[in-house]
Amino acid sequence: MRISLVGAGSMAQAITKHAVKAGHQVMISNSRGPETLVQLSKALGCEAGTVDEAVTFGEIVFIAIPLVAYSSIPVAPLVGKVVVDLLNYFPHRDGHISELQDGEVTTSEFLARHLPQSRIVKAFNAITVEDLEKDARPANSPDRRALPIGGNDAEAKKITTRLVDQLGFDVVDGGSLIETWRFERFRPAYCVPLNKDKLERVLSATMRETKVPDGYWLNPRSIPV
Ligand SMILES: NC(=O)c1ccc[n+]([C@@H]2O[C@H](COP(=O)([O-])OP(=O)(O)OC[C@H]3O[C@@H](n4cnc5c(N)ncnc54)[C@H](OP(=O)(O)O)[C@@H]3O)[C@@H](O)[C@H]2O)c1
């Protein structure tokens, strides 16, 4: 499959490594142009392009940039495409966006307003890059970790699920884009290593009022569900 990434930072690199290993053709991009990615793309075994080239290249396109830069993502080439949304909202980095700060919309709904005709699937937002590097396992491994996904397009979720599985993780369907708050920051499933059964239980037991402190995943002694 042709996979492209808007972004070439730590998450994009970790996904690229797994995707190349799984036999996919990958293109990374950034805001500064492919000439700044020559060495990196060589090391990763992928191609580098402009953002426009990347969003055209990919059959599936990962958005792996800081949320603050969302408005620079090209809209027209992504119409009808499966777009995997990694975005998390960090006010200190992304600035004050009151509807995100107040939890009125999920980060995926926020992105979907910019890309209304793309088939957005939230995925890979609820794992740290360090864990993404080290926790991938072949299917059926006893210690395989599961990741939550969310989206409104059933076929796009199927395609993403297959890909996440190839990249080394089980998948739990966390519902539609509007429901992805269940695995955003400050929720028990966010970045906590869980297998499929436990993740299903944690997601379904997470209510609007179920919140955990920032950095909870570093020491998740008692999952509050
Ligand atoms: N790090 C984690 O553990 C983690 C975990 C889950 C989710 N996430 C989320 O995943 C996203 C990426 O995180 P990251 O840690 O990979 O960030 P990062 O290491 O800072 O990389 C960001 C990448 O985006 C590129 N970029 C910035 N603005 C751009 C634009 N307008 N167009 C194209 N490329 C642009 C940057 O390159 P240039 O500046 O050169 O353009 C850089 O390659 C964020 O939304 C983050 O919240 C991160």
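Structural notes, computed from the coordinates.

What counts and what doesn't
Sequence order sets the numbering: in each chain, residues are counted from 1 along the sequence as written. Owing to the predicted nature of the model, reporting of local features is limited to residues with pLDDT of at least 70; listing and counting of side-chain atom pairs is limited to 80 or more, with chain, interface and lining totals taken over all residues. Each side-chain value is derived from all of the structure's non-hydrogen atoms; neither hydrogens nor water enter the calculation. Counting from the N terminus, the helices are DSSP H or I runs at least four residues long and the strands are E runs at least two residues long. Contacts between residues were defined by any pair of non-hydrogen atoms, one from each residue, lying within 4.5 Å. Residues are classed as near a molecule or strand on a simple rule: at least one heavy atom within 4 Å of it. Under this definition, polar contacts are N or O atom pairs within 3.5 Å; protein pairs additionally need one hydrogen-donor-capable and one acceptor-capable atom, and for neighbouring residues in sequence, both atoms have to be side-chain atoms. Residue polarity follows a fixed list, in which Ala, Val, Leu, Ile, Met, Phe, Trp, Tyr, Cys and Pro are nonpolar, Asp, Glu, Lys and Arg are charged, and the others, Gly among them, are polar. Exposure categories follow from relative accessible area, calculated using a 1.4 Å probe and restricted to protein chains: below 20% of the type maximum is buried, above 50% is exposed, and the middle band is partly exposed. A pair of strands is considered paired only if DSSP assigns at least 2 bridges between the two. When the strands point away from the viewer, a crossover counts as right-handed if the route from the first strand across the helix to the second turns clockwise. Within this document, salt bridges are pairs made up of a side-chain nitrogen of Lys or Arg and a carboxyl oxygen of Asp or Glu, the two lying within 4 Å of each other. For helices, the fitted axis covers only the stretch in contact; all axes are lines through C-alpha atoms, and the angles between them, taken along N-to-C directions, range from 0 to 180 degrees.

### Notes on the side chain of Ser4
In this fold, Ser4 is placed in strand E1 (residues 2–6). Beyond its immediate sequence surroundings of up to four residues, Ser4 is in contact with Met27, Ala54, Val55, Phe57, Gly58, Ile60, Val61 and Phe62.

### Section: the site of the ligand
Met11, Ser31, Arg32, Ile65 and Ser72 are the nearest of the 25 residues found near the ligand. In the environment of the ligand, an oxygen atom lies 3.4 Å from a nitrogen or oxygen atom belonging to the side chain of Asn30. Tallied by class, the residues present in the shell around the ligand amount to 14 nonpolar, 9 polar and 2 charged.

### Quick notes on the environment of Ser141
Checked against the element boundaries, Ser141 lands in the loop between helix H7 (129–134) and strand E7 (146–151). For Ser141, a relative accessible area of 19% gives the class buried. Considering only alpha carbons, one finds Ser141 and Phe169, 28 residues apart in sequence, at a separation of 9.7 Å. A distance of 2.7 Å separates the side chain of Ser141 from the backbone oxygen of Pro138, its partner in a polar contact.

### Some points on the pairing of strand E8 (residues 170–173)
Direction of pairing for E7 relative to E8: parallel, over a ladder of 4 bridges. Considered in E8, the bridge of Ile149 is made with Asp173. Crossover connection from E7 via helix H8 (residues 154–167) to parallel E8: handedness right-handed.

### What about the pattern of salt bridges?
A pair can form between side chains of opposite charge whenever their charged atoms are brought close. Summed over all chains, the structure comprises 16 salt bridges. Where Arg119 meets Asp153, a salt bridge forms, and the shortest distance between an N and an O atom there is 2.8 Å. Placement of the pair is Arg119 in strand E6 (residues 119–122) and Asp153 in the loop between E7 and H8, with a sequence separation of 34 residues. Taking relative accessible area as the criterion, Asp153 reaches 24% and is therefore assigned partly exposed. A salt bridge links Arg145 to Asp131; the nearest nitrogen and oxygen atoms lie 2.8 Å apart. On the criterion of sequence distance, the pair formed by Arg145 in the loop between H7 and E7 and Asp131 in helix H7 is long-range, its members being 14 residues apart. Asp131 matches Arg145 in its accessibility class, with the two residues each being buried. Through salt bridges with shared partners, one network takes in Asp131, Lys134, Asp135 and Arg145.

### What to know about the sheet that holds strand E2 (residues 25–29)
Spatial strand order, E3-E2-E1-E4-E5-E6-E7-E8: 8 strands in an open sheet with mixed pairing. Two strands lie at the open edges of the sheet, namely strand E3 (47–49) and E8, each paired on one side alone. Within the sheet, the average angular offset between the axes of one strand and its neighbour, ignoring direction, is 30°. In the sheet, strand E4 (residues 60–63) pairs with strand E5 (residues 82–85) via 4 bridges, with the strands oriented parallel. Along E5, the bridge assignment pairs Ile63 with Asp85.

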